[in-house]
Amino acid sequence: MTTPMAAPYDLIIVGGGPAGMTAAIYGARAKMRTLLIEKARHGGQAATTEEVENWPGAGKTTGPELMAQFRSHTEHLGVELIKEDVAGVDLTGEVKVIETRKGNRYEARAVILSPGAHPRTLGVKGEGPLRGKGVSYCATCDADFFTALDVVVVGNGDAAVEEALYLTRFCNSVTLIIIHPFGTMDANKASQERLFQNDKIRLVWHSVIEEIKGDGLVESVVLKNLGTGELTEMETNGVFIFIGTVPNTEFLKESGLALDERGYIIADSETMATNIDGVFAAGDARRKWLRQIVTAASDGAIAACAAEKYLAEEEHLRHEVLEPSEPVLAVFWSPASQQSLDVLQWAEQCNAQAGGLFKLARIDLYKSTRLAERFGVEQVPTVLLFRNGQVVDRLDANFDDFCHWLTERTQAVR
Ligand SMILES: Cc1cc2nc3c(=O)[nH]c(=O)nc-3n(C[C@H](O)[C@H](O)[C@H](O)COP(=O)(O)OP(=O)(O)OC[C@H]3O[C@@H](n4cnc5c(N)ncnc54)[C@H](O)[C@@H]3O)c2cc1C
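So, how was this worked out
Residues numbered from 1 in each chain as written. Predicted model: local features only at pLDDT ≥ 70, side-chain atom pairs only at ≥ 80, totals over all residues. Heavy atoms only, no water. Helix = DSSP H or I, 4+ residues; strand = E, 2+ residues; numbered from the N terminus. Rg over C-alpha atoms; globule rule 2.2 N^0.38 Å. Buried < 20%, exposed > 50% of the residue type's maximum accessible area, 1.4 Å probe, protein only. Areas by Shrake-Rupley, 256 points an atom, 1.4 Å probe, with all protein chains shown as cover. Lys, Arg positive; Asp, Glu negative; His and termini not counted. Charge placed at Lys NZ, Arg CZ, Asp CG, Glu CD. Pairing = 2+ DSSP bridges. Axes fitted to C-alpha atoms, helices over the stretch in contact; angles between N-to-C directions. Polar contact = N/O pair within 3.5 Å; in protein donor to acceptor, adjacent residues only side chain to side chain. Left-handed = near helix turned anticlockwise from the far one by under 90°. Contact = heavy atoms within 4.5 Å. Nonpolar A, V, L, I, M, F, W, Y, C, P; charged D, E, K, R; others polar. 1 Å grid on protein atoms, 1.4 Å probe; cavity = no way out; pocket = protein on both sides within 12 Å on 5 of 7 lines; lining within 4 Å. Points joined across faces, edges and corners; volume = space filled by probe spheres on them. Parallel < 35°, antiparallel > 145°, perpendicular 65-115°, else oblique.

1. So, the overall build of the protein chain
Within the protein chain, the regular secondary structure consists of nine helices and 21 strands. In summary, the protein chain has a C-alpha radius of gyration of 28 Å against a globular reference of 22 Å for 414 residues, an excess of more than 25%. Principal-axis analysis of the C-alpha atoms gives the protein chain an extent of 90 × 45 × 40 Å. Counting over 414 residues, the protein chain shows a buried share of 49%. For the protein chain, the accessible surface area stands at approximately 20000 Å², while carbon and sulfur atoms represent 49% of it. Counting 41 positive and 57 negative side-chain charges, the protein chain places the centres of these two groups 2 Å from one another.

What follows is the structure in structure tokens.
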């Protein structure tokens, strides 16, 4: 195993889709030394779609074009981009370790995980052996191979409809296999209308594929009608499958990171913080309601700002509280609590009486909720006494006797 970097990065981002690249842009603009690791081509799933009509301000564009703009913006700001597949992580320490399949090890003080998702498979006979031989999960990538041929599309959500429409530009015919009974689809109404108006598209309702057949290349599919149970075989040259996605979080399974039952990363929807300090999640790999380019970018921006705040807090904590050689009196306060403002003042006065033995650290509770949680502080004022980075005493009531309390501690720490 090699170690390419001696000093840890401020921020490592895993996954270079819209979420990761936006995080990188925000990271670089916040002057964090940022590394973006992407295993394939930058742009992720967004780079596989030919039509993007909902990226604000762009009107109508293509996924590859939009993602090329994201990438050049990222590079322009000086983000380091490398192409490697992240195979394992050790996120629990203060310095996080990212290991790649090549055997390289990268270190950072904060990490944003934005590995996105990949298409769900049908799991039927013939699908695996014929993948890449007529079975596809990306119309943009493969439509060209099916020029003037007949294909089926499995699925009925937005992606399936969009991809079916795109395929009609190349194919002779496109048959959509819809699991729901006649008239019911998951796609939005506008897409459905475009679908119904396209005379190259045929709809097969209330049906699923039981088997994909072919000797080296797809030749037919066996369809099952869910209403009648009837099986029919239909000739086709290709099968495009769009039945949802699965998060790319396999490499995180043993990391201690909280994942939901489907493998999506659980993160705070306001800050993108995960259950591990200094680790944030963004984009489609996160458990969330709407998976789009704009929401991935939004997650990335928030995660990078939260990572910056985390690093600043950690730096402040290390410098002001954990590392000083003298005992530290950390006062958790809030501008909304007059009593906490009084305690700040008393701390200064009582410390002066004690010969300035203590270093005073002021911690605003509402700006530093994470630190408060870490040290079990639930209210202001609270005073923690630190010695060599450890909490050795605390006071969260009876402040009238503050100077007396401090004098007693003075004897203990002298
Ligand atoms: C066919 C299709 C059409 C779509 N059309 C639209 C649309 O028109 N408008 C819209 O807003 N959204 C659209 N979407 C959704 C949109 O593309 C996604 O929501 C968005 O790309 C999610 O961004 P992301 O950065 O979270 O993840 P992704 O785009 O999935 O990117 C994740 C990246 O992480 C990389 N990665 C994964 N694991 C690792 C690892 N271990 N090591 C290193 N790198 C790793 C992947 O290679 C990938 O590049 C479409 C999606 C599809 C599939």
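2. A word on the pairing of strand β6 (residues 105-113)
Note: strand β1 (residues 9-14) against β6, five bridges, orientation parallel. What sits directly across from I13, in β6, is I112. Two elements, strand β5 (residues 96-100) and β6, share four bridges in a ladder whose sense is antiparallel. Bridge pairing in β6 places I98 opposite Y106. In this antiparallel pair of consecutive strands, β5 and β6, the connection spans four residues, and G103 shows a positive phi of 95°. Relative to strand β17 (residues 279-281), β6 runs parallel, the two sharing three bridges. Paired with L113 across the strands is A281, a residue of β17.

3. Here we look at the sheet that holds strand β14 (residues 231-235)
Pairing within the open sheet is antiparallel, and its three strands lie in the order β12-β13-β14. The outermost strands of the open sheet, each flanked by one partner alone, are β12 (207-213) and β14. Neighbour-to-neighbour, the strand axes of the sheet open up by a mean angle of 30°, direction not taken into account. Where β12 and strand β13 (residues 220-225) come together, six bridges link them in antiparallel fashion. What sits directly across from I212, in β13, is V221.

4. Comments concerning the side chain of S255
If you trace the backbone, S255 turns up in the loop between β16 (245-247) and β17. The buried category is assigned to S255, whose relative accessible area is 8%. At 2.6 Å, the side chain of S255 forms a polar contact with the backbone oxygen of L252. In terms of polar contacts, S255 uses its side chain to reach the backbone amide nitrogen of L257, at 3.2 Å.

5. Concerning the packing of helix α4 (residues 158-167) against helix α5 (residues 189-197)
Between α4 and α5, whose axes approach to 10 Å, the crossing angle comes to 30°. In this structure, the crossing between α4 and α5 has a hand that is left-handed. When α4 is examined against α5, the residues V161, A164 and L165 are found in contact with a partner set consisting of S191, R194 and L195. The class makeup of the residues in the contact of α4 with α5 is four nonpolar, one polar and one charged.

6. Details of the layout of surface pockets
Estimates place the volume of the second largest pocket at around 390 Å³. For the second largest pocket, the lining is made up of 19 residues, of which T271, A273, K309, T369 and R370 are closest to its centre. Of all elements in the fold, only β17, α6 (293-322) and α8 (369-374) reach the threshold of two or more residues within the lining of the second largest pocket. By residue number, the principal contributor to the lining of the second largest pocket is α6, which donates five residues. Looking at side-chain class alone, the lining of the second largest pocket contains eight nonpolar, five polar and six charged residues.

7. A closer look at the packing of helix α1 (residues 18-29) against helix α2 (residues 63-76)
Running from amino to carboxyl end, α1 crosses α2 at an angle of 30°, the nearest separation of the two axes being 9 Å. The angle between the axes of α1 and α2 places the two elements in the roughly parallel class. Crossing handedness for the pair α1 and α2: left-handed. Only M67, F70, R71, H73 and T74 of α2 make contact with α1, whose side of the interface consists of P18, M21, T22, A24 and I25. Counted by class, the contact of α1 with α2 contains six nonpolar, three polar and one charged residues.

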